[in-house]
Amino acid sequence: MSGPGNQALNINSVVAQHGNLEITNHGSDWYYAVCALMGITTLVFMGLAFMKPQGDRVFHYITAGITAVACIAYFAMGSNLGQVPIQAEFVRPYSRWGVGSAGTREIFYARYLDWVITTPLLLLDLLLTAGVPTPTILATLLADEIMIITGLIGALTQTRFKWGFWAFGMLALFFIAYELLFDARRHASVLGGDAKRTFLLCGNFLLFIWFLYPIAWGLSEGGNVIHPDGEAVFYGVLDILAKPVFGILLIWGHRRISTSQLGLRVRDRSHFASEKYNPGNAQRDGVHPEGPGANVGPPTGHPMATHTNV
Ligand code: RET
């Protein structure tokens with residue numbers, strides 16, 4: 001087949017397996033559309049970052065990283081790549097949803113590679129906003145990695161054992177939900193103000209969306225109930241809500257929050273300069289500018305030292 005339009009499926013048909021249940025051109029178009037959206041939001045988040053002082057950009061950078069990774073994953077999926085045919089546990093030749101096939105279904109492992117990078121960053125966005133201590137952040141991110149990896153192994157499993165992995169993933173998701181609903185919420189309340197408000201809005205939104213993912217999995221990689229095009233739309237809508245929409249809410253919530261308010265110490269270049277040339281500041285911060293035992297003279301009056309640390 002030739003002619004104008006989306007040729008991705010034809011060009012990459014070398015990886016196709018006869019009778020495998022795969023996305024059609026509609027699915028491919030949709031994946032490319034989400035790819036473009038993720039790319040555009042990355043540029044927007046980067047643009048907004050440059051309007052903030054250097055020390056207050058960390059949330060912009062994390063969020064832009066999330067949509068940038070998703071943009072690449074969606075490019076892969078639109079191109080029908082980053083996928084592998086897997087024998088379905090339930091072959092449904094007479095399904096109303098058009099999933100009848102030789103028995104294999106394409107499983108996009110690219111999705112999980114995206115999530116394994118981006119879901120910890122989403123949680124980091126949220127947990128830093130709530131002022132959660134580092135050990136709790138690490139425990140929550142570990143549960144998140146377990147959730148995604150078990151989801152991937154389950155998706156690649158051909159027998160009913162796949163549901164065992166799904167169950168482990170659910171346990172991990174419940175742990176994350178507990179951390180957000182009880183632990184992080186308490187820390188956010190201590191901070192109060194905009195940080196608390198932003199955490200509550202984004203946290204509740206995130207949890208609601210995240211609990212829909214295992215349902216999408218059960219209908220696609222798990223139960224083989226909906227067609228890969230339907231899977232594309234289901235996960236695509238969820239990913240748009242979980243990344244660009246969540247990101248906009250979070251960045252907007254941070255418009256009046258400074259990182260130091262959250263107990264974060266982010267040094268920007270001006271701070272660096274003032275430490276070096278205003279040893280008094282560095283000593284006050286507990287950092288010796290020239291290392292231990294250095295013979296530090298009076299401030300040199302370097303032009304970059306005009307910034308003070310507040
Ligand atoms: C799986 C299957 C195993 C059980 C559970 C899952 C949950 C996945 C989630 C994914 C979130 C992805 C996001 C992507 C952003 O674009 C792996 C589907 C619980 C919650 C937020």
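Structure shown above.
Attention here is on the structure that accompanies the text. (Residues numbered from 1 in each chain as written. Predicted model: local features only at pLDDT ≥ 70, side-chain atom pairs only at ≥ 80, totals over all residues. Heavy atoms only, no water.)

Take the environment of Glu231 next. The topology assignment puts Glu231 in helix α9 (residues 228-253). Separated by eleven residues in the primary sequence, Glu231 and Ser220 place their C-alpha atoms 6.0 Å from one another. Each residue touching Glu231, except ones within four places of it in the same chain, is listed here: Arg105, Phe108, Arg111, Ser220, Glu221, Ile226 and Gly236. (Helix = DSSP H or I, 4+ residues; strand = E, 2+ residues; numbered from the N terminus. Contact = heavy atoms within 4.5 Å.)

So, on to the state of the cysteines. Tallying each qualifying case throughout the model produces zero disulfides. Just so you know, Cys35 is unpaired, no disulfide at all, and the nearest cysteine sulfur is the one on Cys71, 3.9 Å from it. (Disulfide = S-S within 2.5 Å.)

Turning next to the side chain of Ser220. Structurally, the position occupied by Ser220 is in helix α8 (residues 213-222). Owing to a relative accessible area of 0%, Ser220 belongs among the buried residues under this scheme. Excluding residues within four positions of it along the chain, Ser220 makes contact with Arg105, Ile226, Glu231 and Tyr235. (Buried < 20%, exposed > 50% of the residue type's maximum accessible area, 1.4 Å probe, protein only.)

A word on the packing of aromatic side chains. Counted according to the given criterion, the structure contains eleven aromatic pairs. Between Trp163 and Trp166 the ring centres are 6.1 Å apart and the planes differ by 70 degrees, which places this aromatic pair in the edge-to-face class. Taken together, the residues Trp163 and Trp166, both in helix α6 (residues 162-191) and three residues apart, mark about one turn of the helix. Relative accessible area serves as the criterion here: at 30%, Trp166 is assigned to the partly exposed category. These aromatic residues form a ring-pair network of at least three members: Tyr112, Trp115, Tyr213 and Tyr235. Over the ring of Trp252 we find Arg255, and its NZ or CZ is 3.9 Å from the ring centre. (Phe/Tyr/Trp six-rings, centres within 6.5 Å; stacked < 30°, edge-to-face > 60°. Lys NZ or Arg CZ within 6 Å of the ring centre and 35° of its normal.)

Let us now look at the pattern of salt bridges. Summed over the entire model, instances satisfying the criterion amount to six salt bridges. The closest approach of N and O atoms between Asp194 and Arg197, which form a salt bridge, is 2.6 Å. Of this pair, Asp194 and Arg197 both sit in helix α7 (residues 193-210), three residues apart, roughly one helical turn. In this structure Asp194 comes out as buried when scored by relative accessible area, which is 15%. Salt-bridge contacts for Asp194 lead to Arg256; the nearest nitrogen and oxygen are separated by 3.2 Å. In this pair, Asp194 is assigned in helix α7 and Arg256 in the loop between α9 and α10 (269-277), connecting sequence segments 62 residues apart. (Salt bridge = Lys/Arg side-chain N within 4 Å of Asp/Glu carboxyl O.)

Mapped onto the secondary structure, Val44 falls in helix α2 (residues 25-49). Spatially, the C-alpha atoms of Val44 and His60 are 9.5 Å apart, while their sequence positions differ by 16 residues.

Let us now look at helix α4 (residues 109-130). With 22 residues, α4 should cover 32 Å at 1.5 Å per step; its first-to-last C-alpha distance of 32 Å lies within 8% of that length. The principal kink in α4, of about 35 degrees, is found at Trp115. Burial analysis of α4 places 16 of its 22 residues in the buried class, which makes it a mostly covered element. Backbone geometry just downstream of α4 places Gly131 in the positive-phi region, at approximately 70 degrees. (Expected span 1.5 Å × (residues − 1). Bend = angle between axes of the 7 residues up to and from the residue.)

Our focus in this paragraph is the site of the ligand. For the ligand, the set of nearby residues contains 16 residues, the closest of which are Trp115, Trp210, Tyr213, Asp239 and Lys243. Taking Asp239, its side chain carries an N or O atom lying 3.1 Å from an oxygen atom of the ligand. Taking Lys243, its side chain carries an N or O atom lying 2.8 Å from an oxygen atom of the ligand. Relative to its unbound accessible area of 540 Å², the ligand is 100% covered by the protein chains. Residue composition of the shell around the ligand, by class: eleven nonpolar, three polar and two charged. (Near = heavy atom within 4 Å. Polar contact = N/O pair within 3.5 Å; in protein donor to acceptor, adjacent residues only side chain to side chain. Areas by Shrake-Rupley, 256 points an atom, 1.4 Å probe, with all protein chains shown as cover. Nonpolar A, V, L, I, M, F, W, Y, C, P; charged D, E, K, R; others polar.)

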